[in-house]
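Listed here are the chains, written in short residue letters.
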Amino acid sequence: MTDAPDRERFEARDETGALAGLVTYQLTGAIIAYTHTEVDPAFEGRGAGSTLARAVMDDARARGRTVVPICPFLADWLGRHPEYADIVARSTRRIR
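On a predicted model such as this, the values are computed, not experimentally measured, just so you know.

Thresholds, definitions, all that
Residues numbered from 1 in each chain as written. Predicted model: local features only at pLDDT ≥ 70, side-chain atom pairs only at ≥ 80, totals over all residues. Heavy atoms only, no water. Pairing = 2+ DSSP bridges. Helix = DSSP H or I, 4+ residues; strand = E, 2+ residues; numbered from the N terminus. Axes fitted to C-alpha atoms, helices over the stretch in contact; angles between N-to-C directions. Contact = heavy atoms within 4.5 Å. Phe/Tyr/Trp six-rings, centres within 6.5 Å; stacked < 30°, edge-to-face > 60°. Buried < 20%, exposed > 50% of the residue type's maximum accessible area, 1.4 Å probe, protein only. Expected span 1.5 Å × (residues − 1). Arc of directions from axis to C-beta. Salt bridge = Lys/Arg side-chain N within 4 Å of Asp/Glu carboxyl O.

K.L.:
It is not clear to me how the sheet that holds strand 3 (residues 19-28) should be interpreted in this structure. Could you clarify?
P.N.:
Hydrogen bonds along the backbone pair up the strands of a sheet, which may run parallel or antiparallel. Overall, mixed pairing links the five strands, which are arranged 1-2-3-4-5 in an open sheet. Strand pairing shows two members of the sheet lacking a second neighbour, strand 1 (2-4) and strand 5 (66-69), which therefore form its edges. The mean inter-strand angle of the sheet, taken between neighbouring strand axes irrespective of direction, is 30°. Along the sheet, helix 1 (residues 48-62) makes contact with strand 2 (9-13), strand 3, strand 4 (31-39) and strand 5, crossing strand 4 at roughly 165°.

K.L.:
Before we go on, may I ask you to explain the packing of aromatic side chains in this structure?
P.N.:
Each aromatic ring pair is summarised here by two numbers: the centre-to-centre distance and the angle between the ring planes. A full pass over the atoms with the stated rule returns three aromatic pairs. Taken together, Phe10, Tyr25 and Tyr34 form an aromatic cluster joined through their ring pairs.

K.L.:
Sorry if this is basic, but what is going on with the pairing of strand 2 here?
P.N.:
Two faces belong to every sheet, and in a regular strand the side chains alternate between them. Of all five residues in strand 2, four are buried, a share of seventy percent or more. Bridge count for strand 1 against strand 2 is three bridges, and the pairing is antiparallel. When the bridges of strand 2 are listed, threonine 2 appears paired with glutamate 11. With antiparallel pairing between neighbouring strands as the criterion, strand 1 and strand 2 make up a hairpin whose turn holds four residues, including glutamate 8 at a positive phi of roughly 55°. Across five bridges, the pairing between strand 2 and strand 3 is antiparallel. Bridge assignment links arginine 13 to a residue of strand 3, and that residue is leucine 19. Between strand 2 and strand 3, which pair antiparallel one after the other, the connecting turn spans five residues, and glycine 17 there sits at a positive phi close to 95°.

K.L.:
Honestly, helix 1 in this entry has me stumped. Any pointers?
P.N.:
The α-helix advances 3.6 residues per turn, and as a result positions three or four apart in sequence lie on the same side. The terminal C-alpha atoms of helix 1 lie 21 Å apart, and with 15 residues this matches the ideal 21 Å at 1.5 Å per residue to within 8%. When helix 1 is considered as a whole, its buried residues turn out to be Ala48, Gly49, Leu52, Ala53, Val56, Met57, Asp59 and Ala60. Buried residues of helix 1, viewed axially, fall in a sector of 160°; they line one side. Relative to its buried face, helix 1 has exposed residues pointing more than 90 degrees away, namely Thr51 and Ala62.

K.L.:
Is there a simple way to explain the pattern of salt bridges in this structure?
P.N.:
Proximity of charged atoms lets side chains of opposite charge pair with each other. As enumerated under the stated definition, the model contains eight salt bridges in all. Across the pair arginine 63 and aspartate 59 runs a salt bridge whose closest N-O atoms are separated by 3.0 Å. What makes arginine 63 partly exposed here is its relative accessible area of 45%. With a relative accessible area of 14%, aspartate 59 lands in the buried category. For aspartate 86, the salt bridge identified is with arginine 61, shortest N-O distance 2.4 Å. With aspartate 86 in the segment after helix 2 (72-79) and arginine 61 in helix 1, this pair connects stretches of sequence that are 25 residues apart.

Pasting the structure below:
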């Protein structure tokens with residue numbers, strides 16, 4: 001996985017250099033909002049999305065960032081991976 005900050009995205013490529021998937025983001029200080037995850041159809045069903053999710057979360061942790069998961073795929077993935085809860089922003093707004 002490679003960070004492409006000029007494109008505001010992380011890219012995953014296969015051994016030939018073909019783009020397998022990406023996660024777009026918006027960075028503001030130490031807060032990173034992951035906005036979209038996309039996996040090339042040729043790589044779907046092979047764990048590419050989960051590999052991307054883990055990689056971007058590990059990167060955020062290593063850089064001391066707080067994650068805002070706007071992307072539905074990533075938000076769902078995080079629901080199954082509580083080991084990242086400590087770096088995910090939680091809303092304090094209560095719904096009545």
